[in-house]
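# Fold and geometry: a report
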Amino acid sequence: MTYMRELYQQVILDHNRSPRNFRELEDANRRACGDNPLCGDKITVYAKVENDVIEDVAFQGTGCAISQASASLMTAAVKGKTVEEAEKLFRAFHAMVAGGADGQEGEADTEKLGKLVAFGGVKEFPARVKCANLPWHTLHAALSEVDAPVSTE
Ligand code: ZN
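## Remarks on the overall build of the protein
Across its full length, the protein carries 5 helices and 4 strands. When its helices and strands are written in sequence order, the protein yields α-β-β-β-α-α-α-α-β. At 14 Å, the protein has a C-alpha radius of gyration in line with the 15 Å of a compact globule built from 153 residues. Taking the principal axes of its C-alpha atoms as reference, the protein extends roughly 45 × 30 × 25 Å. Expressed as a percentage of the 153 residues in the protein, the buried residues total 42%. When contacts within the protein are restricted to residue pairs at least 6 apart in sequence, long-range pairs at least 24 apart make up 59% of them.

Printed below as a string of structure tokens:
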């Protein structure tokens, strides 16, 4: 268990140090801004959606290691997926970091989550859960074409 935990920490540190898809997406047709005032995380998520497929996705922002790594892993996970698949992943991720406590989704589908399971330990740190969730809430807003900025508060 300790070994797995360290492995997961490595994944998070790696994605924080060299985030994937960290750029502005010039031809994005979806975008949203997210803000986690409790920690000071700010993020903009860009997506290019064609025929319900997320052709490209990128993000920019500043914040703690958890929020940056979560955004990085999220963009890598949803690129090439359909909007519906991305929303399913969002719900599975949310269920995992919330410890499956909201009930509706039941147990987190760790098989589907792949590398995202690295954030499973976040549920032990309630303040960090918002950091991990922020990029996903922001992506969700971008895909739903919600115009208002996202805030965790
Ligand atoms: Zn944070």
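Continuing now.
## Side note on the coordination of the zinc ion
Within the first shell, the zinc ion binds the protein through Cys39 (SG), Asp41 (OD), Asp41 (OD), Cys64 (SG) and Cys131 (SG), at distances of 2.2 to 2.7 Å. Sequence spacing of the donors to the zinc ion: C-x1-D-x22-C-x66-C. Of the two residues, Cys39 is situated in the loop between strand E1 (30-36) and strand E2 (41-50) and Cys64 in the loop between strand E3 (53-62) and helix H2 (65-78); the sequence distance between them amounts to 25 residues. Taking the relative accessible area as the measure of exposure, Cys64 reaches 15% and is therefore buried.

## With respect to the nonpolar core
Counting residues in each nonpolar core, the largest one holds 37 residues, and the members touching the most others are Val78, Phe93, Phe119 and Trp136. Listing elements by their share of this core, those giving two or more residues are E2, E3, H2, helix H3 (83-97) and helix H5 (126-143). The leading source of residues in this core is H3, at 8 residues. Among residues more than four places away in sequence, those in contact with Trp136 are Ser70, Met74, Val78, Ala86, Leu89, Phe90, Phe93 and Leu116.

## Regarding the pairing of E2
When you tally the buried positions in E2, you get 7 out of 10 residues, the bulk of the element. Taking the residues that link successive antiparallel strands as the turn, the E1-E2 hairpin has 4 residues, and the phi of Gly40 there is positive, at about 90 degrees. Where E2 meets E3, 9 bridges bridge the pair, whose relative direction is antiparallel. Paired with Lys48 across the two strands is Asp56, which belongs to E3. Adjacent in sequence and paired antiparallel, E2 and E3 are bridged by 2 residues, among which Asn51 carries a positive phi angle near 50 degrees.

## Here we look at the pairing of E1
Every second residue of E1 is oriented toward a common face, the buried set being Arg30, Ala32, Gly34 and Asn36 and the non-buried set Arg31, Cys33 and Asp35. The sheet contact formed by E1 and E2 spans 7 bridges and is antiparallel. By the bridge assignment, Cys33 is partnered in E2 with Thr44. In terms of strand pairing, E1 meets strand E4 (residues 150-151) through 2 bridges, oriented parallel. The residue bridging Asp35 from the neighbouring strand is Ser151, located in E4.

Rules used throughout
Along every chain, residues carry numbers that run from 1 in the direction the sequence is written. For this predicted model, a pLDDT threshold of at least 70 governs which residues receive local features, and a threshold of 80 or more governs which side-chain atom pairs are given and counted, while totals over whole chains, interfaces and linings are taken from all residues. Derived side-chain values reflect all non-hydrogen atoms in the structure, with water molecules and hydrogen atoms excluded from consideration. Strands here mean DSSP runs of E at least two residues long; helices mean DSSP runs of H or I at least four residues long; both are numbered from the N terminus. Throughout, the radius of gyration refers to the C-alpha atoms, and the reference size of a globule is 2.2 Å times the residue count to the power 0.38. Here the term buried applies to any residue with accessible area under 20% of the maximum for its type, exposed to any over 50%, and partly exposed to those in between, with areas from a 1.4 Å probe on protein chains only. What makes two residues a contact is simply this: any of their non-hydrogen atoms within 4.5 Å. With water omitted from the atoms examined, metal sites may look incomplete; donors here are N, O and S atoms no farther than 2.8 Å from the metal, or 3.2 Å in the case of Na, K and Ca. Here, nonpolar core refers to any group of buried Ala, Val, Leu, Ile, Met, Phe, Trp, Tyr and Cys residues whose side-chain atoms link them within 4.5 Å. The pairing criterion is simple: DSSP has to find at least two bridges between the two strands.

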